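An overview of the molecular structure
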Amino acid sequence: MASTAGGTMQALRGVSSAFYRFPSSRVVKAIASLDVATIPSISGTFGTATSWKKVENANWRRQGLRCMASAASTAANNLVVSENYVAVSSPSTGSTETDNSSKQTWKASIDFKFIRDNKEAIAKNIQNRKCGGDVEQVVQLYEQTVSLNQEVDKLRAERNAVANAMKTKLDASRREELIEKGKQLKDQVSELEIELSLLQEKLQLEGQRIPNMTHPDVPVGSEDVATLRKEVGSQRKFTFPVKDHVEVGLALDLFDFEAAAEVSGTKFYYLKNEAFLLEMALINWTMSKLLPKGFIPMSTPDLVRSTVVEKCGFQPRGQNTQVYSVEGTDLCLAGTAEIPVGGMYMDSMLPESALPLKIVAYSHCFRTEAGAAGAATRGLYRVHQFSKVEMFVICRPEESDSLHEELISIEEELYASLGLHFKTLDMSTEDLGAPAHRKYDVEAWMPGLGRYGEVWIEICFLLN
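Residues numbered from 1 in each chain as written. Predicted model: local features only at pLDDT ≥ 70, side-chain atom pairs only at ≥ 80, totals over all residues. Heavy atoms only, no water.

As annotated in an unreviewed UniProt entry, the chain is serine--tRNA ligase from Physcomitrium patens.

**A closer look at the pattern of salt bridges**
Using the criterion set out here, one finds 21 salt bridges in the structure. Two residues, arginine 396 and glutamate 352, come together in a salt bridge whose shortest N-O distance is 3.5 Å. Of the two residues, arginine 396 sits in the loop between strand S13 (385–395) and helix H11 (400–417) while glutamate 352 sits in the loop between helix H10 (338–345) and strand S12 (357–366), which places them 44 residues apart along the sequence. Classification of arginine 396 by relative accessible area gives buried; the value is 16%. Classification of glutamate 352 by relative accessible area gives partly exposed; the value is 43%. Three or more residues are tied together by salt bridges with common partners; here these are Glu352, Arg396, Glu398 and Glu399. (Salt bridge = Lys/Arg side-chain N within 4 Å of Asp/Glu carboxyl O. Helix = DSSP H or I, 4+ residues; strand = E, 2+ residues; numbered from the N terminus. Buried < 20%, exposed > 50% of the residue type's maximum accessible area, 1.4 Å probe, protein only.)

**What to know about the packing of aromatic side chains**
Summed over the entire model, instances satisfying the criterion amount to five aromatic pairs. Aromatic pair phenylalanine 255 and phenylalanine 257: ring centres 4.9 Å apart, planes at 50°, arrangement tilted. For the ring pair tryptophan 445 and tyrosine 452, a centre distance of 5.1 Å and an interplane angle of 70° mean the geometry is edge-to-face. For arginine 229, the ring lying beneath its charged end belongs to tyrosine 440, and the centroid distance is 5.7 Å. When the ring centre of tyrosine 452 is taken as origin, the NZ or CZ atom of lysine 423, which lies over that ring, is 4.1 Å away. (Phe/Tyr/Trp six-rings, centres within 6.5 Å; stacked < 30°, edge-to-face > 60°. Lys NZ or Arg CZ within 6 Å of the ring centre and 35° of its normal.)

**Observations regarding the pairing of strand S14 (residues 422–426)**
Burial of S14 is extensive: five of the five residues sit out of reach of the surface. Pairing of strand S6 (residues 227–232) with S14 involves five bridges; the strand directions are antiparallel. In the strand pairing of S14, threonine 227 is matched with aspartate 426. Inspection of the sheet shows S14 paired to strand S15 (residues 436–446) by five bridges, in the antiparallel sense. Counted as the bridge partner of leucine 425 is aspartate 441 from S15. (Pairing = 2+ DSSP bridges.)

Next comes the structure, spelled out in C-alpha cells:
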C-alpha cells in the first residue's frame, strides 16, 4: 500500500472499493471524503446495506464515529514516506484474494446492486485502468444468485407453512401427506442451498476482481500522462564523475551485501558504521519534526495476522504477493506500519472529541519484491527489509482533504529540508493498483543513476 512517492487514494478490495460495503467486517476501514453521489451503498459496521447518505445520517451521527484514517510514512533507510487514509470497522469472514484458487479467509461485503446499476461506468473504469475484472459476468452471477435466493426463500416459506399445519388437529392420512411433503421440501432446500453457496462464492471471487472506482481528477492513460503536482529544487551539477550509492558505500565500509546474502539471502544487507548511524539519525530527526505537530509516537509488531493484512487491502496468499507468510500459522510479516497501527483500531469506535488522532509509528517492513530485477534494484533499492517511520491519522471524513494536504506538505517539507530535488506526480489510471482510488508518486533526482526514482511516498484513501 505504500509506494515511494506521492500517494494513492485507495479503496482496497476486501477493505474497500467504491462499491464495497462492509456489514460487519473486522476491517481497518477507510472512508474518503468524496461527494456522496460518488459513493455506493455501504453498510460498514451497521449491518445491512444502505446508502452512504443513510449511513451518514442515521448511523454516523447517532451510533458513533466511523473514522477516516490517514497515514503517511517517512522511511529511514530508503527515505520512504507513505501516507494512507485508513479507518475502522468490525468482524467478518472471507478473503481479499483475487486469485480464484485461493482459499477465502475473509470476505468483503460488496454492493453488487451498485455494480449492476452502474455497470457501464464500471466497465469504462476497468478499460481506463487496463486491469482485470468482468463486470458482465459479475452482473450475470448476481442476477442468478438473486433468482436462486428467491427460490430458496419460497421453498423455506412453504416448509414453514407445512410445519405450522402439522401443529393443528389432522387426520392420519393428512398428517402423513404433510410429513412427506415436508421431507421433500427439506431435500429441495438442502440441494438449492448447496447450489446457492457455490454460486455466491463464485460471485464473491469475481466481484473482488473488479477494481475500485477512480477519482475523477486522475489523468486517464499510461504513466506518461501523469500530471505534475509540485517540483522542488533542481538537478545538481558536479565537476567530477558521480558514483552511485553502492560504490560510495562499499568504499567507505557502510554496508555488507555479501555477508547478508549468506545469512539471509539476496536483497538483504548489513548497515555499518556511518550508514547505521545515519539511519538512526533519520529516524530520530523525523520523530523530532513530527512530535511537535501532535503525533503520538509508537513502535509496532513485525508479525500480524493474515486476516488483518487482508483487511488492509494486501493479498498475503495471492499470486506475486509482496507479503511474507509464516508457514503453518496465520501470521505474516508486516510490509508497513500501517497494517499493525490500523489493526490496533479495527473494530473500534472513537469519540469525536479524540479526533483527529495523529500517530507516528516506527517499524521494520518486509517485502518479497516479487518480479523485481535489473539495475534499478541494485544495492539498497527494492530490498526485502527496511525501516520506516509512518504517519497515521484518524479523523472525520470532512477533515480528510485538509489533513491530506497537511500530510503531503509534511512529506514534501521533509524531503526539501534534506536538500533533495524531487517532483510529486498525480499518477494516471493505468498506474493504479486495483484497490487504488488515486495515487501520488514522489520521484527524486538520483545523480548516481542519472534519472528520477521513487523515494517512496504513497498517499492512500481506503474506501470502505
